[in-house]
Amino acid sequence: MSDSSMARAFVAIQPLAIPLLLILAVVALLLTAEGRMEANPRFRVDPLVYAFERPEWLPEALAADIAWDVGTGLGPPASLLDADDLSRWHAQVAGLSPWIEAVPSVEPRFPYRAALRLVLRRPVLELQGQLVSADGTVLGPAARGVLPSPLLLRDGDLDIDAAQFVECAASAGELLPYRAELVARGLDFTDVRVSQDGLVVFGSTAGVDVVWGRSTRYHQMARHDLPPARRIELLHEALDHRPRLEGVGRVDIYLDKLRVHPGP
């Protein structure tokens, strides 16, 4: 090929060559920038460096223990640039502690942070120094400062009949939302048991047995009992007539109407 032919060919491809070189240059810059971002600690999340927000019922020391279990269990740092890393955390978190019931979300928070939103199991029972949630999960050693104080499971241990165990836990969970309003009226609870009739009974600080009935969560015969909210209404009715249930030995609140039995 003559020099003039080569010159004409170079002129012909020149308009294509320049954009191509520019595109390759841009791709190279993007790859370099991504590598630099990956190496930048602002894009890395270390699970052992954490802060937490806790619900009011959970003492700070116990919240810190749960956070430590999560932080140590998540493994190496995650990258905010890799969605798979945070997805892996999302899949792992629920299995790291019995306190964790669900994980609604794991979200990146630039720089060097991720927000883990957890739904925690709330303790309702204490059994041989172990806290138990309403679904019967043994959470771990009892801790000071849990609000309200978990009820003691009376006359039982971890080897008691499983059906009675979950009945007590479920019923304590049903009572939990109402305890603050009852405490304001001078009535709180200390323990729970299943009677010989198969009914859940709460022992109160006033020395009164409150017969709760059967849990709506597990017991097949609970459909014959009043719903929990209605049982609480009957208990308030008893408190209206007998403040702090003075002079009362037992109150049945699961039947169609209130039954108050005098004390000894």
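The rules we used
- Residues numbered from 1 in each chain as written.
- Predicted model: local features only at pLDDT ≥ 70, side-chain atom pairs only at ≥ 80, totals over all residues.
- Heavy atoms only, no water.
- Core = buried A, V, L, I, M, F, W, Y, C linked by side-chain atoms within 4.5 Å.
- Buried < 20%, exposed > 50% of the residue type's maximum accessible area, 1.4 Å probe, protein only.
- Helix = DSSP H or I, 4+ residues; strand = E, 2+ residues; numbered from the N terminus.
- Contact = heavy atoms within 4.5 Å.
- Salt bridge = Lys/Arg side-chain N within 4 Å of Asp/Glu carboxyl O.
- Expected span 1.5 Å × (residues − 1).
- Pairing = 2+ DSSP bridges.
- Axes fitted to C-alpha atoms, helices over the stretch in contact; angles between N-to-C directions.

(A) Examining the nonpolar core more closely. Leu 125, Phe 189, Phe 202, Leu 235, Leu 245 and Val 251 are the most contacted members of the largest nonpolar core, which totals 33 residues. Put simply, the parts of the chain that give this core at least two residues each are strand 5 (123-127), strand 8 (151-153), helix 4 (162-175), strand 9 (189-194), strand 10 (200-204), strand 11 (209-213), helix 6 (228-241) and strand 12 (248-252). Ignoring sequence-local partners within four residues, the contact set of Phe 202 consists of Leu 151, Ser 171, Ala 172, Leu 175, Phe 189, Asp 191, Val 192, Val 208, Asp 209, Val 210 and Trp 212. By size, the runner-up hydrophobic cluster in this structure holds 11 residues, among which are Leu 74, Leu 80, Leu 86 and Val 106.

(B) Spatial organisation of the pattern of salt bridges. By the definition in use, this model includes 9 salt bridges. The salt bridge involving Arg 109 is made with Glu 107; its shortest N-O contact spans 2.7 Å.

(C) Representation of helix 6 within the structure. In a regular helix each residue adds 1.5 Å, so 14 residues correspond to 20 Å; helix 6 covers 20 Å between its end C-alpha atoms and thus fits that length. Regarding helix 6, the residues found buried are Pro 228, Arg 231, Ile 232, Leu 234, Leu 235, His 236, Ala 238 and Leu 239. In this structure, the buried side of helix 6 is in contact with helix 4, helix 5 (179-183), strand 9, strand 11, strand 12 and strand 13 (259-262).

(D) Representation of helix 2 (residues 60-73) in the model. Given a rise of 1.5 Å per residue, 14 residues ought to cover 20 Å, and the 20 Å separating the end C-alpha atoms of helix 2 matches this to within 8%. Where helix 2 is concerned, the buried positions are Leu 62, Ala 63, Ile 66, Ala 67, Val 70 and Gly 71. Those residues of helix 2 hidden inside the fold are in contact with strand 3 (100-109) and strand 4 (113-120).

(E) Quick peek at the sheet that holds strand 5. Taking strand neighbours across the sheet as the criterion, the 9 strands line up as 7-6-5-8-9-10-11-12-13 in an open arrangement whose pairing is mixed. Strands with a single pairing partner mark the edges of an open sheet, and in this sheet they are strand 7 (138-141) and strand 13. Here the average twist between neighbouring strands, direction ignored, is 25 degrees. Bridging between strand 5 and strand 8 involves 2 bridges; their strand directions are parallel. Paired with Leu 125 across the strands is Leu 151, a residue of strand 8. Sheet contacts for helix 4: strand 5, strand 6 (130-133), strand 8, strand 9, strand 10 and strand 11; angle to strand 5, the most-contacted strand, approximately 140 degrees. Helix-sheet contacts for helix 6 involve strand 9, strand 11, strand 12 and strand 13, and the interaxial angle to strand 11 is about 155 degrees.

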